[in-house]
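Fold and geometry: a report
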Amino acid sequence: MKTTKTKGNFHQTLAPLLFLLPNILIFTTFIIIPLFRGLSMSFMDWGVFTSPEFVGLKNFLLLFKDKVFIITLRNTIVYSFCAVLLLLVVSLLLALALSKNSIRGERVFRAVFYIPSLISMVAVGISWRFILGDEMGILNYVIRSLGGARVPWLTNGPMAMMSVIAVTVWAGAGYYMVIFISGLQAIPLELYEAATIDGANRWQEFRRITLPLLKSTVLVVIVLSTIASFKAYELIVTMTKGGPGYSTKFIVQQVYEVAFIEDRMGYASAMSIVLMMIIGAFTLMQFRLSGKEAHYD
Amino acid sequence: MTRNRSYLTHAKNIALLIAALFTLFPVVWVIISAFKPQSELFRVPMTLFPDEWTFENFISAFRHGNFIVYFSNTVFVAVVATLLTVVINIMAGYALAKYIFFGRDIIFAIMIATLMVPLQVIMIPIFLQLKDLGLLNSLWGIIIPPSATPTGIFLARQYMVNISNSMIESARIDGAKELRIFWQIVLPLSRPIIATIAIFSFMWRWNDYLWPLIVITDNKKQTMQQALANFVGQLQINWSNLLAMTTISIVPVILVFLAFQKLFMTGITAGAVKG
């Protein structure tokens, strides 16, 4: 590879290891060891104040009968599916509109759409809770002044789920838009010029050139947004607290509560393993999409 | 045909404008509302701008409820963690980009593979690990563990692979030590990637909620995001104060973004699209 030719020198062997040392120590202490601790805990009854006891597969078998866990898993899947689909469509549309230097103020528009992804999910949740409030929220105020009826944005189960999904799209679309724009800009312009000469219309251009050449970017966006949606927690905590009832409670919140509030750490670890398998599978897909190297967010 | 296209362009521009307003409105509404006196916040009929602009909410947010403590904790964590992240990730990226040694590719692969195990998945064992190391309720417990990031290492390595070997070589022939080469040749050449990693790290730390949530229970050690989440979790929410605090959390990141826009766009695409 592109590396210096001389080697064997003591300093040159030791130096890279020293350069890597802080990272290796941190990765080992805070990812690799915890990973194995988590795995072993999932086979145990474990609380902060009780001594751990090996229980085999009991935790995993309990998961199948745990109604709340199944609800949160189902909620997470529904949320993930809808949010990913909408994010994909919205961010692609924005990117298509903003990637060709065809309109004035393109850079300003890009910046505007990117702004929500800068804000912490905690603050996003708070802001939307302020806007979607039943009585006092501005949205219901506008709807009522226009003669409509109050909408229970956050107080009705299915409605709350929809609100959480919509806010996720609001908060994330700009980020995926940027990824799409760079994917679009990698498509050679000559292809479009040739298509125009051949008399292709815009839809044909999109179907025959843009979409096929954008396939890998589409997959990247799907994988990244799916991973992000399975990790969702902050938004729910500040917007709905998982409610009403269990209607917007997702896996991470359930893991947190079972572990740190109910103090059933072994059982919560088993839930984490399920979550890890889902996230791990999508991350592997992400690695394969990009060949040897990884994608980042 | 051209006529048709220009109508389309107009329609597209209008659609974009509406989308942009929809995107910005929530942020603007929250920020403006933070400047309304409490009496105006939920007054009907509602008005976009306050009749009387006031800093009252910001002052009372800082006076009550330890907000100044949360704010300084957050600044401390974000600044120190960013410095640490830049230093160790640049070092690691350099080692992985410019040296040949046994196990290099495996080490890199393992570091990247840790993306499969985000905090959400191992928060319980990490909590126990921090407890064993005495890092619970310490800001260092928030700062140190996530400072080694696969993202940072990947970006640094990818950038540094392209630094010319001949400069490093000739410095070596002149007898320069490895650390000096790193410090005097490699670091200055890596300024753009250092800036990218620093900005993303700062933003992420400023906004992060989950790490502080796992590490900190002591009220005096909490960060802003934690405080915000606790505040909104109360039965009676003091919206005026909460909106002021939310504004203090939102505005700095937007300003940083506007100042370094170009770095952002390249940073995201370098991370997400290139393979």
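Residues numbered from 1 in each chain as written. Chains lettered and ligands numbered in written order. Predicted model: local features only at pLDDT ≥ 70, side-chain atom pairs only at ≥ 80, totals over all residues.

**Some points on the overall build of chain B**
- Helix and strand counts for chain B come out as 15 helices and 0 strands.
- Relative to the 2.2 N^0.38 estimate, which gives 19 Å for 275 residues, the radius of gyration of chain B is 24 Å and therefore markedly larger than a compact globule would have.
- Its C-alpha atoms put chain B at 75 × 70 × 35 Å along the principal axes.
- Taking all 275 residues of chain B together, 45% fall into the buried category. (Helix = DSSP H or I, 4+ residues; strand = E, 2+ residues; numbered from the N terminus. Rg over C-alpha atoms; globule rule 2.2 N^0.38 Å. Buried ≥ 20, exposed ≤ 12 C-beta atoms within 10 Å, placed from the backbone.)

**Here we look at the overall build of chain A**
- Of regular secondary structure, chain A possesses 13 helices and 2 strands.
- Scaling as 2.2 N^0.38, a compact globule of 297 residues should have a C-alpha radius of gyration of about 19 Å, whereas chain A reaches 24 Å, well beyond that.
- C-alpha atoms of chain A, sized along the principal axes, occupy 75 × 75 × 30 Å.
- Here chain A holds 297 residues, and 43% of them are scored as buried.
- At a minimum sequence separation of 6, the contacts of chain A that also span at least 24 residues come to 70%. (Contact = placed C-beta atoms within 7 Å.)

**As for the interface of chain B and chain A**
- Between chain B and chain A, the contact holds 80 residues from the first and 80 residues from the second.
- Top element by residues in the side of chain B that touches chain A is helix 1 (residues 2-34) of chain B. It accounts for 11 residues.
- Its residues assigned to classes, the side of chain B that touches chain A shows 56 nonpolar, 18 polar and 6 charged. (Nonpolar A, V, L, I, M, F, W, Y, C, P; charged D, E, K, R; others polar.)

**Considerations on the nonpolar core**
- Membership of the largest hydrophobic core comes to 158 residues, with the highest contact counts inside it found for Met177(A), Val255(A), Ala92(B), Tyr94(B), Ala156(B), Leu228(B) and Met245(B).
- Top element by residues in this core is helix 7 (residues 157-185) of chain A. It accounts for 15 residues. (Core = buried A, V, L, I, M, F, W, Y, C linked by C-beta atoms within 7 Å.)

**A few points about helix 7 of chain A**
- For helix 7 of chain A, which comprises 29 residues, the first-to-last C-alpha distance of 41 Å matches the rise-based estimate of 42 Å (1.5 Å per residue) to within 8%.
- In the structure, helix 7 of chain A departs most strongly from a straight axis at Gly172(A), where the bend amounts to approximately 45°. (Expected span 1.5 Å × (residues − 1). Bend = angle between axes of the 7 residues up to and from the residue.)

**So, the confidence of the model for chain B**
Residues and elements named next belong to chain B.
- Chain-level statistics for chain B give a pLDDT mean of 88 and a share of 95% at 70 or above.
- Here helix 15 (residues 261-272) stands out as the element of chain B with the lowest mean pLDDT, 72, in contrast to helix 7 (residues 139-143), whose mean of 95 is the highest.
- Reported for the predicted complex are a pTM of 0.89 and an ipTM of 0.89. (pLDDT = per-residue confidence, 0-100.)

**Details of the environment of Ser120(A)**
- With respect to the helices and strands, Ser120(A) occurs in the loop between helix 4 (106-114) and helix 5 (121-131).
- Through-space distance from the C-alpha of Ser120(A) to that of Glu234(A) is 8.7 Å; in sequence the pair is 114 residues apart.
- In this view, Ser120(A) contacts Asn207(B), Tyr209(B), Gln225(B) and Ser249(B); residues no more than four positions away in its chain are not counted.

**A short note on the packing of helix 5 of chain A against helix 14 (residues 239-259) of chain B**
- At their nearest, the axes of helix 5 of chain A and helix 14 of chain B sit 10 Å apart, and the two run at 140° to each other. Taken together, the axes of helix 5 of chain A and helix 14 of chain B lie oblique to each other. Between helix 5 of chain A and helix 14 of chain B the crossing geometry is left-handed. The residues of helix 14 of chain B that touch helix 5 of chain A, namely those facing Ala123(A), Ile126(A), Ser127(A) and Phe130(A), are Trp239(B), Leu242(B), Leu243(B), Thr246(B), Ser249(B) and Ile250(B).
- Grouping the constituent residues of the contact of helix 5 of chain A with helix 14 of chain B by class yields 7 nonpolar, 3 polar and no charged. (Axes fitted to C-alpha atoms, helices over the stretch in contact; angles between N-to-C directions. Parallel < 35°, antiparallel > 145°, perpendicular 65-115°, else oblique. Left-handed = near helix turned anticlockwise from the far one by under 90°.)

**Observations concerning the packing of helix 3 (residues 56-63) of chain B against helix 14 of chain B**
All names here are of chain B.
- Look at helix 3 against helix 14: their axes get within 8 Å of each other, and the N-to-C directions meet at 90°. Relative to helix 14, helix 3 is oriented roughly perpendicular. Within the contact between the two elements, helix 3 uses Asn57, Phe58, Ser60 and Ala61 and helix 14 uses Ser240, Asn241, Leu243, Ala244 and Met245.
- Of the residues assigned to the contact of helix 3 with helix 14, the class counts are 5 nonpolar, 4 polar and no charged.

**Details of the confidence of the model for chain A**
Residue and element names in this part refer to chain A.
- Chain-level pLDDT for chain A is 87 on average; 93% of the residues reach the 70-or-more range.
- Ignoring residues within four places in sequence, the model shows residues 1-7, a span with pLDDT below 50, making 12 contacts including any to other chains.
- Confidence drops under pLDDT 50 across residues 292-297; counting only partners more than four residues distant or on other chains, this segment forms 21 contacts.

**A few points about helix 12 (residues 251-261) of chain A**
All names here are of chain A.
- Taken across its 11 residues, helix 12 has 8 buried, putting it largely inside the fold.
- Residues of helix 12 that are buried: Ile251, Val252, Gln253, Gln254, Val255, Tyr256, Val258 and Ala259.
- Residue aspartate 263 follows helix 12 closely and has a positive phi angle near 60°.

**A short note on the environment of Ile273(A)**
Residues and elements named next belong to chain A.
- Within the secondary structure, isoleucine 273 is located in helix 13 (residues 265-289).
- Taking the C-alpha atoms as reference points, isoleucine 273 and leucine 35, 238 residues apart in sequence, are found 9.6 Å from one another.
- Look past the residues within four positions of isoleucine 273 in its chain and what remains in contact with it is Leu39 and Ser42.

**Let's talk about the environment of Ile142(B)**
Residue and element names in this part refer to chain B.
- Mapping isoleucine 142 onto the fold places it in helix 7.
- Residue isoleucine 142 is classed as buried on the basis of its C-beta count, with 28 C-beta atoms lying within 10 Å.
- Between the alpha carbons of isoleucine 142 and isoleucine 216 there is a distance of 8.2 Å; along the sequence they are 74 residues apart.

**Concerning unusual backbone geometry**
- Here the amide bond leading from Gly243(A) into Pro244(A) is cis, since omega sits at -5°, within 30 degrees of zero.
- Looking at the element boundaries, Pro244(A) is found in the loop between helix 11 (234-239) and helix 12.
- You will see that Asn137(B), though not glycine, has its phi angle at about 60°, which is positive.
- On the neighbour-count criterion, Asn137(B) (15 C-beta atoms within 10 Å) is partly exposed.

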